[in-house]
Amino acid sequence: MKIPFKSSVLLISLLMLSCGGKEEKKKEGFSVKQQKPATEKAVETPATSGEKASERIDLTSKGVGPIKSVTLNETIDDAMAVKGKEVYDQMCLACHRIGKKFIGPPPNGVLERRTPEWVMNMILNPEQMVKEDPLAKELLVEFNGSPMANQGLTEEQARAVLEYFRTL
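For the structure given in this document, a descriptive report is provided here.

Conventions adopted
Every chain is numbered independently, its residues counted from 1 as its sequence is written. Totals for whole chains, interfaces and linings use every residue, but because this is a predicted model, local features are given only for residues with pLDDT of at least 70 and side-chain atom pairs only at 80 or more, for both listing and counting. Only heavy atoms go into the side-chain values, all of them from the structure, while hydrogens and water stay out. Strands are runs of DSSP state E lasting at least two residues, helices are runs of H or I lasting at least four, and both sets are numbered from the N terminus onward. For each residue, the accessible area found with a 1.4 Å probe, counting protein chains only, is set against the maximum for its type, and the residue is called buried under 20%, exposed over 50%, and partly exposed in between. When checking whether two residues touch, look at their non-hydrogen atoms; a contact exists if any pair is within 4.5 Å. A fitted line through C-alpha atoms serves as each axis, taken over the contacting stretch for helices, and the angle formed by two N-to-C directions is quoted from 0 to 180°. For classification purposes, an angle smaller than 35 degrees is called roughly parallel, one larger than 145 roughly antiparallel, one from 65 to 115 roughly perpendicular, and anything else oblique. What makes a crossing left-handed is the near helix being turned counterclockwise from the far one by less than a right angle; a clockwise turn instead makes it right-handed. Asp, Glu, Lys and Arg are counted as charged, while Ala, Val, Leu, Ile, Met, Phe, Trp, Tyr, Cys and Pro are counted as nonpolar; the rest, among them Gly, fall into the polar class. Pairing of aromatic rings covers Phe, Tyr and the six-membered ring of Trp, with a centre-to-centre limit of 6.5 Å; geometry is then stacked below 30 degrees between planes, edge-to-face above 60, and tilted otherwise. Criterion for a charge above a ring: Lys NZ or Arg CZ within 6 Å of the ring centre, and within 35 degrees of the ring normal. Any carboxyl oxygen of Asp or Glu within 4 Å of a side-chain nitrogen of Lys or Arg constitutes a salt bridge here. In the cavity and pocket records, a cavity denotes points on a 1 Å grid over the protein atoms alone where a 1.4 Å probe fits but cannot get out, a pocket denotes an open set with protein on both sides within 12 Å along at least 5 of 7 lines, and lining residues are residues with an atom within 4 Å of a point. Grid points are joined across faces, edges and corners, and a volume is the space filled by probe spheres set on the points. Only buried residues count toward a nonpolar core. Its members are Ala, Val, Leu, Ile, Met, Phe, Trp, Tyr and Cys residues joined through side-chain atoms within 4.5 Å.

1. Some points on the overall build of the protein
Logical step 1: The helix and strand inventory of the protein stands at seven helices and zero strands.
Logical step 2: Each helix and strand of the protein, ordered N terminal to C terminal, gives the series α-α-α-α-α-α-α.
Logical step 3: When the 168 residues of the protein are sorted by exposure, 30% land in the buried category.
Logical step 4: Look at the contacts in the protein between residues 6 or more apart in sequence, and 76% of them connect residues 24 or more apart.

What follows is the structure, encoded as structure tokens:
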């Protein structure tokens, strides 16, 4: 009776040793590996000389959208600028701060870097601009992928905001 018992214990011990021979080394810390879905595409940007898109001057592009031409008077239309400030304070201030980078770029000096048509197309047509306009794509990347929301402004409101930008 001792021999069958000893052989059973030996057999069980051998089985346990053969199954437990593989050791996994645990890594310290916590890590998670995630893969981007195949449908997600990276935003492509043209190579630049290290200059930020928000600081680059482009006074030739009119952007993508309904505005093909804007005529600015030599003098600022104060009444229109006041309306533009009201629209800006109501619709734009959540993301744009005068004089500093916030969620979006600061509006002051924008007409020294962009054409009036580009600015109005960005206000009126931000979705298409970030899809098709190279500079808008670069701005999207620079501002952490935060796309500009379409506020549904009319051309008249966008023109008033543009006039307000002239006063900054």
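There is more to say after this.
2. Things to note about the packing of helix H4 (residues 116-124) against helix H7 (residues 155-167)
Logical step 1: As a packed pair, H4 and H7 sit with axes 10 Å apart at the nearest point and diverge in direction by 130 degrees. On the basis of their axis angle, the class for H4 and H7 is oblique. Here H4 and H7 pass one another in a crossing that is right-handed. Contacts between H4 and H7 pair Pro-116, Val-119, Met-120, Ile-123 and Leu-124 from the former with Glu-155, Ala-158, Arg-159, Val-161, Leu-162 and Phe-165 from the latter.
Logical step 2: Considering only residue class, the contact of H4 with H7 consists of nine nonpolar, no polar and two charged.

3. Side note on the packing of aromatic side chains
Logical step 1: A full pass over the atoms with the stated rule returns three aromatic pairs.
Logical step 2: Ring centres 5.5 Å apart and planes at 45 degrees place the aromatic pair Tyr-88 and Tyr-164 in the tilted group. Of this pair, Tyr-88 sits in helix H2 (residues 78-92) while Tyr-164 sits in helix H7, and the two are 76 residues apart along the sequence. Tyr-164 matches Tyr-88 in its accessibility class, with the two residues each being buried.
Logical step 3: An aromatic cluster is present here, built from Tyr-88, Tyr-164 and Phe-165 joined pairwise through their rings.
Logical step 4: Arg-114 extends its terminal NZ or CZ atom over the ring of Trp-118, reaching a point 5.5 Å from the ring centre.

4. With respect to the pattern of salt bridges
Logical step 1: By the definition in use, this model includes five salt bridges.
Logical step 2: The closest approach of N and O atoms between Arg-56 and Glu-138, which form a salt bridge, is 2.8 Å. Residue Arg-56 is located in the loop between helix H1 (2-19) and H2, and its partner Glu-138 is located in helix H6 (residues 134-142); the two are separated by 82 residues in the primary sequence. Of the two residues, Arg-56 and Glu-138, neither departs from the other in class, the shared state being buried.

5. Remarks on the layout of surface pockets
Logical step 1: Considered as a void within the structure, the largest pocket measures approximately 610 Å³ in volume.
Logical step 2: Considering the residues around the largest pocket, the lining is formed by 32 residues, among which His-96, Gly-104, Pro-105, Met-122 and Met-148 are closest to the centre.
Logical step 3: Looking at the lining of the largest pocket, the elements that each hand over two or more residues are H2, helix H3 (110-113), H4, H6 and H7.
Logical step 4: Here the lining of the largest pocket takes four residues from H4, the largest share from any one element.
Logical step 5: Residue composition of the lining of the largest pocket, grouped by class: 25 nonpolar, five polar and two charged.

6. What about the nonpolar core?
Logical step 1: Within the largest apolar cluster, 27 residues are counted, with the highest numbers of intra-cluster contacts made by Trp-118, Val-119, Met-120, Ile-123 and Phe-165.
Logical step 2: Counting only elements with at least two residues in this core, the list comes to H2, H4, helix H5 (126-132), H6 and H7.
Logical step 3: Other than its neighbours up to four places away in sequence, Ile-123 contacts Met-148, Leu-153, Ala-158, Val-161 and Phe-165.

7. Remarks on the packing of H2 against H7
Logical step 1: Where H2 meets H7, the axes come as close as 7 Å, and the angle between the chain directions of the two elements is 105 degrees. Taken together, H2 and H7 sit at an angle that is classed as roughly perpendicular. Counting all contacts with H2, which are made through Met-80, Ala-81, Lys-83, Gly-84, Lys-85, Val-87 and Tyr-88, the residues of H7 involved are Gln-157, Arg-159, Ala-160, Val-161, Glu-163, Tyr-164, Phe-165 and Thr-167.
Logical step 2: Of the residues contributing to the contact of H2 with H7, the split by class is eight nonpolar, three polar and four charged.

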